[in-house]
Amino acid sequence: MPTLMSTEDIAIYETELVKFLQQEVLTTDIDNFDDPAIYVNNATVIDQQLAGTELTVSTSISGAYLPPPEVDVGEVVAEVINDEGDEFVATLVASNSEYFSQVTSASAFYDGGDDSSGSDLSDGEIAAIVVCCSAAVVIIGA
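Residues numbered from 1 in each chain as written. Predicted model: local features only at pLDDT ≥ 70, side-chain atom pairs only at ≥ 80, totals over all residues. Heavy atoms only, no water.

**A few points about the pairing of strand 2 (residues 54-65)**
Part 1 of the reasoning: With 12 bridges connecting them, strand 1 (residues 38-51) and strand 2 associate as antiparallel partners. The residue bridging Y39 from the neighbouring strand is A64, located in strand 2.
Part 2 of the reasoning: With antiparallel pairing between neighbouring strands as the criterion, strand 1 and strand 2 make up a hairpin whose turn holds two residues, including G52 at a positive phi of roughly 65 degrees. (Pairing = 2+ DSSP bridges. Helix = DSSP H or I, 4+ residues; strand = E, 2+ residues; numbered from the N terminus.)

**Some points on the environment of A37**
Part 1 of the reasoning: If you trace the backbone, A37 turns up in the loop between helix 1 (7-25) and strand 1.
Part 2 of the reasoning: Owing to a relative accessible area of 26%, A37 belongs among the partly exposed residues under this scheme.
Part 3 of the reasoning: Sequence separation between A37 and A64 is 27 residues; the distance between their C-alpha atoms is 8.8 Å. (Buried < 20%, exposed > 50% of the residue type's maximum accessible area, 1.4 Å probe, protein only.)

**Observations concerning the pattern of salt bridges**
Part 1 of the reasoning: A complete count under the given rule lists one salt bridge for this structure.
Part 2 of the reasoning: A salt bridge links E16 to K19; its shortest N-O distance comes to 3.3 Å. Here K19 and E16 lie together in helix 1, a separation of three residues that amounts to about one turn.
Part 3 of the reasoning: According to the relative accessible area criterion, E16 is buried, its value standing at 12%.
Part 4 of the reasoning: You can call K19 partly exposed: its relative accessible area is 46%. (Salt bridge = Lys/Arg side-chain N within 4 Å of Asp/Glu carboxyl O.)

**Some points on the confidence of the model for the protein chain**
Part 1 of the reasoning: For the protein chain, per-residue confidence averages 76 on the pLDDT scale, and 73% of positions sit at 70 or higher.
Part 2 of the reasoning: The element-level mean pLDDT for the protein chain is lowest in strand 4 (residues 129-141), coming to 61, with helix 1 highest at 92.
Part 3 of the reasoning: With pLDDT under 50 throughout, residues 115-128 is counted as low confidence; its partners more than four residues away or in other chains account for 24 contacts. (pLDDT = per-residue confidence, 0-100. Contact = heavy atoms within 4.5 Å.)

**What about the nonpolar core?**
Soluble globular proteins tend to bury their nonpolar side chains together.
Part 1 of the reasoning: Counting 31 residues, the largest nonpolar core has M5, Y13, L17, L21, I81 and F88 as the members making the most contacts within it.
Part 2 of the reasoning: Elements with a contribution of two residues or more to this core: helix 1, strand 1, strand 2, helix 2 (73-83), helix 3 (85-93) and strand 3 (103-109).
Part 3 of the reasoning: Broken down by element, the residue count for this core peaks at seven residues, all from helix 1.
Part 4 of the reasoning: Leave out the neighbours within four places in its chain, and L17 touches A43, T59, I61, I81 and F88. (Core = buried A, V, L, I, M, F, W, Y, C linked by side-chain atoms within 4.5 Å.)

**Remarks on helix 1**
Part 1 of the reasoning: Between the first and last C-alpha of helix 1 there are 27 Å, a value that for 19 residues agrees with the 27 Å anticipated at 1.5 Å per step.
Part 2 of the reasoning: Inspection of helix 1 places D9, I10, Y13, E14, E16, L17, V18, F20, L21 and V25 among the buried residues, and these make up the whole buried set. (Expected span 1.5 Å × (residues − 1).)

**Description of the packing of helix 1 against helix 3**
Part 1 of the reasoning: Packing of helix 1 against helix 3 leaves a shortest axis separation of 10 Å and a crossing angle of 140 degrees. When the axes of helix 1 and helix 3 are compared, the pair comes out oblique. For the pair helix 1 and helix 3, the sense of crossing is right-handed. Contacts between helix 1 and helix 3 involve Y13, E16, L17, F20, Q23 and E24 from the first element and E87, F88, T91 and L92 from the second.
Part 2 of the reasoning: Taken together, the residues of the contact of helix 1 with helix 3 break down into five nonpolar, two polar and three charged. (Axes fitted to C-alpha atoms, helices over the stretch in contact; angles between N-to-C directions. Parallel < 35°, antiparallel > 145°, perpendicular 65-115°, else oblique. Left-handed = near helix turned anticlockwise from the far one by under 90°. Nonpolar A, V, L, I, M, F, W, Y, C, P; charged D, E, K, R; others polar.)

**A look at the packing of helix 1 against helix 2**
Part 1 of the reasoning: Direction vectors running N to C along helix 1 and helix 2 enclose 95 degrees, while the axes themselves pass 11 Å from each other. Compared by their axis directions, helix 1 and helix 2 come out roughly perpendicular. Residues L17, F20, L21, E24 and V25 of helix 1 pack against V76, V77, V80 and I81 of helix 2.
Part 2 of the reasoning: Looking at the contact of helix 1 with helix 2, its residues break down into eight nonpolar, no polar and one charged.

Quick look at the structure:
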């Protein structure tokens, strides 16, 4: 039966999530400026809820990106984890942590809350927007 993550497991999860997101959202298609590169610099576990074999991990994610356009970083994070969940699971399993050795899938959801990324810039001004959002990642073990 799964348990909540220990302090050591949380550290592994946070590190692997940041590495995974940096790989997935830091790159951008040069021909598609609708998707700006996002630099994720931190992930912090806020809460864990266990229900059967599902562990829901509420996670605060912070980073920065250079607009335009403005993006909802929480939505991007959830989309990346949902689209590339198998790769994130492989990353967790490869961490050699006994806790993550039985992980079979991962998905994410985002509540659409305010990520404080609003900008008061006028046309032609450039500034990096620092963002912080919360997303929940559901980790399912065997």
